Amino acid sequence: MASNYIDIESGTNGAEKLVKQNLKFRTGKFVWRIKFNIPLNPATVNNMNLYVTTLNDAPLKTSIRYDIADNYIEIDPLEPYAQNESYVLNISKNVESRGGQRLKNDFRVQFRV
């Protein structure tokens, strides 16, 4: 059995090097957990700024949760990923810190389940 839950195919701005995995595929409902080093403006943590699409840009229905205490976001699919299909995690530069600082770039991580 593979040790990785997903296969990272590519990413922008070195994002693929930041991905760490510690789960294995079981249900097709892989939850992305994105850790930030500073507190975020919760108003910018939403499905417009953080979302998952197919390679054809069709959006997947997801639930977004922000853990204020530990500064991480979870993106939980509301529908299972199809095995052997590629998807893209999109993080917009419109995500802001509490002080109003935006991310410098958009990030995209292409992955295969």
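The following paragraphs examine the structure supplied in this document.

Reading the values: the criteria
Residues numbered from 1 in each chain as written. Predicted model: local features only at pLDDT ≥ 70, side-chain atom pairs only at ≥ 80, totals over all residues. Heavy atoms only, no water. Pairing = 2+ DSSP bridges. Helix = DSSP H or I, 4+ residues; strand = E, 2+ residues; numbered from the N terminus. Axes fitted to C-alpha atoms, helices over the stretch in contact; angles between N-to-C directions. Phe/Tyr/Trp six-rings, centres within 6.5 Å; stacked < 30°, edge-to-face > 60°. Lys NZ or Arg CZ within 6 Å of the ring centre and 35° of its normal. Buried < 20%, exposed > 50% of the residue type's maximum accessible area, 1.4 Å probe, protein only.

**Describing the sheet that holds strand β4 (residues 62-67)**
So, step 1. Across the sheet, which stays open at both edges, the three strands sit in the order β2-β5-β4 with antiparallel pairing between neighbours. The sheet is open, and its two edges are formed by β2 (32-35) and β4, each paired on a single side. For this sheet, the mean inter-axis angle between neighbouring strands, taken without regard to orientation, is 15°.
So, step 2. Where β2 and strand β5 (residues 72-77) come together, four bridges link them in antiparallel fashion. Each bridged residue has a counterpart across the sheet, and for I34 the counterpart in β5 is I73.

**Points about the packing of aromatic side chains**
So, step 1. Considering all chains together, one arrives at four aromatic pairs under this definition.
So, step 2. An aromatic cluster is built from W32, Y81, Y87 and F111, whose rings are joined through pairwise contacts.
So, step 3. If you follow R33 out to its NZ or CZ, it ends over the ring of Y72, 4.0 Å from the centre.

**Describing the environment of Q83**
So, step 1. With respect to the helices and strands, Q83 occurs in the loop between β5 and β6 (86-91).
So, step 2. Residues Q83 and V113, spaced 30 residues apart in sequence, show a C-alpha to C-alpha distance of 5.1 Å.

**Considering the pairing of β4**
Within a regular beta strand, the side chains point alternately toward one face of the sheet and then the other, so they alternate between its two faces.
So, step 1. Taking every second residue as pointing to the same face, the buried face of β4 carries T62, I64 and Y66, while none of S63, R65 and D67 on the other face is buried.
So, step 2. The pairing of β4 with β5 spans six bridges and is antiparallel. When the sheet's bridge partners are listed, S63 is paired in β5 with D76.
So, step 3. Connecting β4 to the antiparallel partner β5 that follows it, the hairpin turn spans four residues, and N71 within it adopts a positive phi of roughly 55°.

**Overview of the pairing of β6**
So, step 1. With six of six residues buried, β6 is to be regarded as a mostly interior element.
So, step 2. Residues S86, V88 and N90 point to one face of β6 and Y87, L89 and I91 to the other, with burial holding for every one of them.
So, step 3. The sheet contact formed by strand β3 (residues 50-54) and β6 spans five bridges and is antiparallel. Looking at the pairing, T54 lines up with Y87 of β6.
So, step 4. Judged from the six bridges that link them, β6 and strand β7 (residues 107-112) form a sheet pairing that is antiparallel. From the neighbouring strand, L89 faces β7, where its bridge partner is V109.

Interpretation in functional terms is not warranted from these geometric data alone.
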